[in-house]
Every structure is written in C-alpha cells, then in structure tokens.
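The primary structure of each chain is shown beneath.
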Amino acid sequence: MKISFIIITNGTKLDKIQNQIDSITANFTSKKNDEDYEVIISGNVAKIKDSLIFKDKSKTIFVDNKEAAETGNLSKMRNDACACSNMDYLVISDDDIIFSNNWLSALKKTGDFDIVVPRVFCPDGTRFWDYSCYLSPTKGHIILNPEEEDDYIYMSGGTGWVMKKEVWNEFKWDESYTIYSSVKGIQDYKNGNHNEDTEYSMRCRSKYKIKHNPNLHNTHDDSKYTSIGRVVRKRNFQDSQCWTKVLSKFPAKVLIDLSDILLKYGIEAEAVDLLRETSEKDFASKLKLDSIQKAFGGELKGSNFKINE
C-alpha cells in the first residue's frame, strides 16, 4: 500500500505532532516492496519544519497554509494537502492522532475498501467519535457498536480514517465551511446542522461505502475528551480524569451528590469521572453511572475506561 498521511495543524502542538510522526515511521520500519508512505503537513508549518525530528525528511511535504489555519478553514488545509499526494491512499488526520504499532498490518487486513474508519481511543480508554452516525432517523448522533450498521455513518474530522485517493478526486471538501461558521456545539448537532466532516461524508457515501475496521486502532491524544454511553463529551474544567484521585478517600455518597450537582449544571464529563472513581467499589455509584450511560445511548462495546492508577 502506498499511503499519504494528511496532517493539518495550527503549528502549536509540537510534542504531539512529533509523537504522531514517530508512530507513522514506526509502522514502516521494516516495510515491504509494496509499501511506501509520505507525510503531508498543511497549515501553519513554519515552526514544525525546524523543530521536529524526521527519520527521513525527504518523505515529508510542507504546505504553507497559515491563513487557513488561523481562520479555521480545515477544508482548505485538507484539500491543498491531498492535492500534493503521490500515493494511492489518504489518511485524514489532525495533529493529535497517534497510530498504533500494528496500524499498517491491521489496515492491510481490512480487505477491499473505498473508505475505512478505525477504532479511536481517548487517552482514558473510552472511544472517540470513530464509527459513528449523524442525523440517522433511527439512531440520531451516536457512536456505533462494531456489529451495527447505519446508512448515515460519517468520517469524524481528522481521526486518522483512510480513503482511496480516487474518492478525493471525486469529492473535495467544501471550503465554505470553517470551524467558526459551521457547527459550534452539541445543540447545533441536535438541530441538524452540518460541519465540514459531516457534510463531506454525506457526499462521499452517496457513491462510496464507509467501512469499519475495529482492529485498526488510533489514539486521539487529548485527554480532555471521554465517552459517556455512546456519545463523546469534553471535560469543562479538567485536563483528564486524574483530577478525581484527590477525592478518592471521600465517602461514595459525597461523590454521588457532587456528581448530581455537576450534572445539574451540564458538567457531564466531570460528573461521570466522579462516579467512575467509586463505581467498582460502591454499588450505588455503579447504579448511578449505569443510569447515566443508559441516558446517553447505552453500553458502548470496545470502550475500555482505565481507572486512575
């Protein structure tokens, strides 16, 4: 397989981009004759050129798109990067994705595909928006379990999903969408508005099938995110679930009451963090957590929350 990794960036996440580059090159350390790759980085690339360590810089293409990065035009950054591709497949990624060590071998076991979405983990082990549907008449906007199917599956942003270049040759991203002019939050999604990725997916699936390979693993390297039931929520005030460790010695009833207060104010991710801290030891916490998960779509298979160590 000949693969272009399309990475868009505003140029501020240097450590995360370095980890991403390293995870890509690790997959091609012992590449075979039918395997090749290139990395195309689009956006504000000035600092990246001189700051990152590349095993083979000749395999990296920089697309200077500073204005698009500053105005949130993800569509333009992706289109311009894809236009530079010399390969047969495109991996659509943001600058905070890490590819698993067996990513390439898992991709090759996918079989024939036009578009394939991976399983994407949050750092806490829960699933991100990976194999998901949007505006589904029967399911709405949720993450799907691996065995489920739906006619409204979409490719979520830059989570490291893969498509044949011929798909992009047929359909380009609509550059009128920016992060400032499209969906701005959960309520917009509920109202049925589109952003650049849901709109792009809608056009792509009019001709191509979106496939899922649950053994193709990526990590979304941003610990502010977690999944609750079958949706993803962002922590409002904390960088990860580790903030609950300092509260672990409080009685479970106190944490349950505190979670109720947080839920009342829409602080959902932190409320669930508290219940996860005590649910393995306290039955009331587990019941409360189960009821919240049910309200958010029910059990999500393939999600593996990791409790604080």
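Residues numbered from 1 in each chain as written. Predicted model: local features only at pLDDT ≥ 70, side-chain atom pairs only at ≥ 80, totals over all residues. Heavy atoms only, no water.

Enquirer: Account for the nonpolar core, naming residues and giving values.
Expert: In terms of nonpolar packing, the biggest core is built from 27 residues, with I3, F5, W103 and L107 touching the most fellow members. When contributions to this core are tallied by element, the ones reaching two or more residues are β1 (2-9), α1 (14-27), β2 (36-43), β4 (89-93), β5 (97-99) and α5 (103-108). The dominant element in this core, judged by the number of residues it contributes, is α5, at four residues. The contact partners of F5, leaving out residues within four places of it in the chain, are I24, F28, Y37, E38, V39, I40, V91, F99 and W103. One finds V63, I92, V117 and F171 within the second-largest nonpolar core, a separate group that totals 25 residues. (Core = buried A, V, L, I, M, F, W, Y, C linked by side-chain atoms within 4.5 Å. Buried < 20%, exposed > 50% of the residue type's maximum accessible area, 1.4 Å probe, protein only. Helix = DSSP H or I, 4+ residues; strand = E, 2+ residues; numbered from the N terminus. Contact = heavy atoms within 4.5 Å.)

Enquirer: Can you break down the sheet that holds strand β9 (residues 153-154) residue by residue, with the values?
Expert: The strand order across the open sheet formed by three strands is β8-β7-β9, and the pairing between neighbours is antiparallel. Bordering the open sheet on either side are β8 (140-143) and β9, each of which pairs with just one other strand. For strand β7 (residues 132-136) and β8, the ladder comprises three bridges, and the chain directions are antiparallel. Note that in β8 the partner of C133 across the bridge is I142. (Pairing = 2+ DSSP bridges.)

Enquirer: Outline empty space enclosed by the protein, supporting the account with residue identities and numerical values.
Expert: Over the atoms a probe the size of a water molecule is rolled, and this reveals where empty space is left. This structure, assessed with the given rule, holds one cavity of 30 Å³ or more. Around the largest cavity sit I21, T25, Y37, V39, F54, K55, D56, K59 and T60, which together line it. Taken together, the residues that form the lining of the largest cavity break down as four nonpolar, two polar and three charged. (1 Å grid on protein atoms, 1.4 Å probe; cavity = no way out; pocket = protein on both sides within 12 Å on 5 of 7 lines; lining within 4 Å. Points joined across faces, edges and corners; volume = space filled by probe spheres on them. Nonpolar A, V, L, I, M, F, W, Y, C, P; charged D, E, K, R; others polar.)

Enquirer: Which residues make up the side chain of S136, and what values go with them?
Expert: The residue S136 is located in strand β7 in this model. A relative accessible area of 6% places S136 in the buried class. For S136, the side chain forms a polar contact with the side chain of D150, separated by 2.9 Å. Sequence-distant contacts of S136, defined by excluding residues within four places in its chain, comprise D150 and Y152. (Polar contact = N/O pair within 3.5 Å; in protein donor to acceptor, adjacent residues only side chain to side chain.)

Enquirer: Describe in detail the sheet that holds strand β3 (residues 60-64), supporting the description with residues and values.
Expert: Here we have eight strands laid out as an open sheet, ordered β3-β2-β1-β4-β10-β6-β11-β5, and mixed in their pairing. One side of each edge strand has no neighbouring strand; the edge strands of this open sheet are β3 and β5. When strand polarity is set aside, the average angle formed by the axes of neighbouring strands in this sheet is 30 degrees. Of the strand pairs in this sheet, strand β6 (residues 115-121) and strand β11 (residues 210-220) are connected by six bridges, and their pairing is parallel. Bridging from a neighbouring strand, V116 pairs with K211 of β11. With respect to the sheet, helix α4 (residues 74-82) is in contact with β1, β2, β3 and β4, its orientation differing from that of β1 by roughly 150 degrees. (Axes fitted to C-alpha atoms, helices over the stretch in contact; angles between N-to-C directions.)

Enquirer: Which residues make up the packing of helix α10 (residues 268-278) against helix α11 (residues 283-295), and what values do they have?
Expert: Contact geometry for α10 and α11: axes closest at 8 Å, N-to-C directions at 140 degrees. In terms of axis orientation, α10 runs oblique to α11. Crossing of α10 over α11 shows left-handed handedness. Contacts from V272, L275, R276 and T278 in α10 reach S285, K288, L289, I292 and Q293 in α11. (Parallel < 35°, antiparallel > 145°, perpendicular 65-115°, else oblique. Left-handed = near helix turned anticlockwise from the far one by under 90°.)

Enquirer: Would you mind going over a nonpolar patch on the surface in detail, with residue names and values included?
Expert: Together, L258, I261 and Y265 make up a nonpolar patch on the protein surface, roughly 320 Å² of accessible area in all. Inspection of the secondary structure puts L258 in helix α9 (residues 252-264). (Patch = residues over 30% accessible without salt bridge, like charges linked within 9 Å, V, L, I, M, F, W, Y side chains within 5 Å. Areas by Shrake-Rupley, 256 points an atom, 1.4 Å probe, with all protein chains shown as cover. Salt bridge = Lys/Arg side-chain N within 4 Å of Asp/Glu carboxyl O.)

Enquirer: Now, about the packing of α9 against α11: what can you tell me, with residues and values included?
Expert: Running from N to C, α9 and α11 cross one another at 20 degrees; their axes reach a closest spacing of 10 Å. Of the possible angle classes, the one that applies to α9 and α11 is roughly parallel. Every residue of α11 that contacts α9 at A252, I256, D260 and L263 is listed here: A284, S285, K288 and I292. A breakdown of the residues in the contact of α9 with α11 according to their chemical character gives five nonpolar, one polar and two charged.

Enquirer: Outline the pairing of strand β10 (residues 159-164), supporting the account with residue identities and numerical values.
Expert: With respect to burial, β10 is a largely interior element, six of its six residues being buried. Pairing geometry for β4 and β10, over five bridges, is antiparallel. Directly across from V91, in β10, lies its bridge partner V162.

Enquirer: Mind laying out unusual backbone geometry, listing which residues take part and the relevant values?
Expert: The general pattern is negative phi for most residues beyond glycine and trans for most peptide bonds. The backbone of L135 sits at a positive phi, close to 60 degrees, despite the residue not being glycine. Topologically, L135 is positioned in strand β7. Its relative accessible area of 36% is what places L135 among the partly exposed residues.

Geometric values such as these leave the question of function open.
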